[in-house]
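# Residue-level structural notes
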Amino acid sequence: MKRLSLILILVFVSFSVVQAQRTITGTITDSETKEPLIGANVVIAETSTGTATDYNGAYKLTLPEGTTQLVISYTGFQDKTITLDGSAV
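Anyway, here's the lowdown on the structure attached to this text. Please read these numbers as outputs of a predicted model, since none were measured by experiment.

Helices and strands together make up the secondary structure of the protein chain, namely one helix and six strands. Tracing the protein chain from N to C terminus, the helices and strands come up as α-β-β-β-β-β-β. For the protein chain, the proportion of contacts with a sequence separation of at least 24, taken over those separated by at least 6, is 48%.

Here is the structure:
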């Protein structure tokens, strides 16, 4: 019985942690040429947590609960801060 209780507690805690996060995806492109920006940095504002875009300019990032802004940076371009809404894109 103790073993079953422990397993149920671990499952509940794991599920709670997963629910506190969300994953967003997107594509970073040059606003003038519409070309994808390969290797652009997408970072959660005021942290060092982030990712880089792939060959198609696409990224996927898991955000902790309470994240409201992302900072996009790329060599030769001005950094841009994006305010997030409830969307996953």
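As a further point, take the environment of Val43. Inspection of the secondary structure assignment puts Val43 in strand E2 (residues 41-44). In the structure, Val43 is positioned 38 residues away from Thr81 in sequence and 9.5 Å away in space, judged by C-alpha atoms. Non-local contacts of Val43, meaning those with residues more than four positions away in its chain, are made with Ser48, Thr49, Gly50, Gln69, Leu70 and Val71.

As a further point, take the layout of surface pockets. In this structure, the largest pocket occupies an estimated 250 Å³ of space. Along its surface, the largest pocket is lined by 13 residues, and Ile28, Thr29, Leu37, Ile72 and Lys80 are the ones closest to its centre. Of all elements in the fold, only strand E5 (69-73) and strand E6 (80-83) reach the threshold of two or more residues within the lining of the largest pocket. Taken together, the residues of the lining of the largest pocket break down into six nonpolar, five polar and two charged.

Among the nonpolar cores identified, the biggest contains 11 residues, and these are Ile24, Ile28, Leu37, Ala40, Val42, Ile44, Tyr59, Leu61, Leu63, Leu70 and Ile72. Take this core: its biggest share by element is three residues, from strand E4 (residues 58-64). Sequence-distant contacts of Leu37, defined by excluding residues within four places in its chain, comprise Ile28, Thr29, Asp30, Thr53, Asp54, Gly57, Tyr74 and Phe77.

Structurally, Ser73 is set in strand E5. For Ser73, the residues in contact, after removing those within four places along its chain, are Ala40, Asn41 and Asp79.

The strand order E3-E2-E5-E6 describes an open sheet built from four strands, whose pairing is antiparallel. With partners counted over all chains shown, the strands left at the sheet margins are strand E3 (50-52) and E6, one partner each. Strand-to-strand, the axes of this sheet are offset by a mean angle of 20 degrees, without reference to chain direction. Where E2 and E3 come together, three bridges link them in antiparallel fashion. Note that in E3 the partner of Val42 across the bridge is Thr51.

Basis of the calculations
Residues numbered from 1 in each chain as written. Predicted model: local features only at pLDDT ≥ 70, side-chain atom pairs only at ≥ 80, totals over all residues. Heavy atoms only, no water. Helix = DSSP H or I, 4+ residues; strand = E, 2+ residues; numbered from the N terminus. Contact = heavy atoms within 4.5 Å. 1 Å grid on protein atoms, 1.4 Å probe; cavity = no way out; pocket = protein on both sides within 12 Å on 5 of 7 lines; lining within 4 Å. Points joined across faces, edges and corners; volume = space filled by probe spheres on them. Nonpolar A, V, L, I, M, F, W, Y, C, P; charged D, E, K, R; others polar. Core = buried A, V, L, I, M, F, W, Y, C linked by side-chain atoms within 4.5 Å. Buried < 20%, exposed > 50% of the residue type's maximum accessible area, 1.4 Å probe, protein only. Pairing = 2+ DSSP bridges. Axes fitted to C-alpha atoms, helices over the stretch in contact; angles between N-to-C directions.

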